[in-house]
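Close look at the chain arrangement
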Amino acid sequence: MTNREIHITYEEYASIEELNAEDRELAVEAIKAMQGVYAPYSNFHVGAAVRMSDGSIVHGANQENAAFPSGLCAERTAMFAAGALYPDKDMVSIALAGGAFGRLGKEPATPCGACRQVMAQYQAKSGKPMSVIMISADKIWKFEKVDDILPLIFNSI
Ligand code: THU
């Protein structure tokens, strides 16, 4: 038996102002995207913004439904819209911001497993790293690639 380890590194920023210009713009767009939330059941608001390889930015926000599984997270709303609008472009980065009743929390909102898997798919489609930026009121986390938040990604078919 061999013990093996997986190391993950990521960047933490004290505020949006500390990010580079592109990431700052995407973070601001993710916060703006929270305006599109429809979350009458959880009241948990999440906005997401995807940057495409041509610089376009696509917004998403969580959409809930009385038949709970029919709703969709902000990140997948954004990525599926981006995939449909720009089928020939790559997704280079995604930012998300969220919190109860639309107020950003102390800790960054982190994507659910299903959204991570969808990020992994679009990253694989592009063949290049897709960075993931998670935003809160007090700190920002940046992961350089989806592998960092979904080690041992399933992509075998
Ligand atoms: N949600 C997102 O939109 N993104 C996440 O990363 C986690 C959760 C949504 C789904 C649901 O509408 C609400 O937040 C509560 O789970």
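In this report, the structure presented in the accompanying data block is examined. Here the structure is a predicted model, which is why all the values come from computation and not from measurement.

The secondary structure content of the protein chain amounts to 3 helices and 6 strands. Each helix (α) and strand (β) of the protein chain, taken in turn from the N terminus, gives the series β-α-β-β-α-β-α-β-β. Relative to the compact-globule value of 15 Å for 157 residues, the protein chain shows a C-alpha radius of gyration of 15 Å, a close match. With respect to the three principal axes, the spread of C-alpha positions in the protein chain is 50 × 40 × 35 Å. For the protein chain, the proportion of its 157 residues judged to be buried stands at 44%. Residue pairs in contact within the protein chain that sit at least 24 positions apart in sequence constitute 65% of those at least 6 positions apart. Seen as two clouds, the 14 positive and the 19 negative side-chain charges of the protein chain have centres 3 Å apart.

Moving on, we get to the site of the ligand. Taken together, Ser42, Phe44, Val46, Asn62, Glu64, Cys73, Ala74, Glu75, Thr110, Pro111 and Cys112 are the residues near the ligand. In this structure, Ala74 approaches the ligand through a main-chain N or O atom, which is 2.8 Å from an oxygen atom. A distance of 3.3 Å separates an oxygen atom of the ligand from a polar backbone atom of Thr110. Calculation on the ligand without its partners gives an accessible area of 370 Å², and the protein chains cover 75% of this total. Put simply, the parts of the chain that give the shell around the ligand at least two residues each are strand 2 (44-52) and helix 2 (74-85). The class makeup of the residues in the shell around the ligand is 6 nonpolar, 3 polar and 2 charged.

Turning next to the side chain of Ser93. Structurally, the position occupied by Ser93 is in strand 4 (residues 91-100). We classify Ser93 as buried; its relative accessible area is 4%. Non-local contacts of Ser93, meaning those with residues more than four positions away in its chain, are made with Leu26, Ala49, Val50, Arg51, Met130, Ser131 and Ile133.

A separate point is helix 1 (residues 21-33). Spacing of three or four residues puts side chains on the same side of an α-helix, whose turn is 3.6 residues. Given a rise of 1.5 Å per residue, 13 residues ought to cover 18 Å, and the 18 Å separating the end C-alpha atoms of helix 1 matches this to within 8%. Within the sequence span of helix 1, burial applies to Asp23, Leu26, Ala27, Glu29, Ala30 and Ala33. Seen end-on, helix 1 carries its buried residues on one side only, within an arc spanning 160 degrees. Where helix 1 begins, one side-chain oxygen reaches toward the backbone nitrogen of Glu22, 3.1 Å away; that side chain belongs to Asn20.

Below, the discussion takes up the state of the cysteines. In this structure the tally under the stated criterion is 0 disulfides. Lacking any disulfide linkage, Cys112 is separated from the closest cysteine sulfur, that of Cys115, by 3.7 Å. A relative accessible area of 29% means that Cys112 is categorised as partly exposed. The buried category is assigned to Cys115, whose relative accessible area is 0%.

Rules used in this analysis
- Residues numbered from 1 in each chain as written.
- Predicted model: local features only at pLDDT ≥ 70, side-chain atom pairs only at ≥ 80, totals over all residues.
- Heavy atoms only, no water.
- Helix = DSSP H or I, 4+ residues; strand = E, 2+ residues; numbered from the N terminus.
- Rg over C-alpha atoms; globule rule 2.2 N^0.38 Å.
- Buried < 20%, exposed > 50% of the residue type's maximum accessible area, 1.4 Å probe, protein only.
- Contact = heavy atoms within 4.5 Å.
- Lys, Arg positive; Asp, Glu negative; His and termini not counted.
- Charge placed at Lys NZ, Arg CZ, Asp CG, Glu CD.
- Near = heavy atom within 4 Å.
- Polar contact = N/O pair within 3.5 Å; in protein donor to acceptor, adjacent residues only side chain to side chain.
- Areas by Shrake-Rupley, 256 points an atom, 1.4 Å probe, with all protein chains shown as cover.
- Nonpolar A, V, L, I, M, F, W, Y, C, P; charged D, E, K, R; others polar.
- Expected span 1.5 Å × (residues − 1).
- Arc of directions from axis to C-beta.
- Disulfide = S-S within 2.5 Å.

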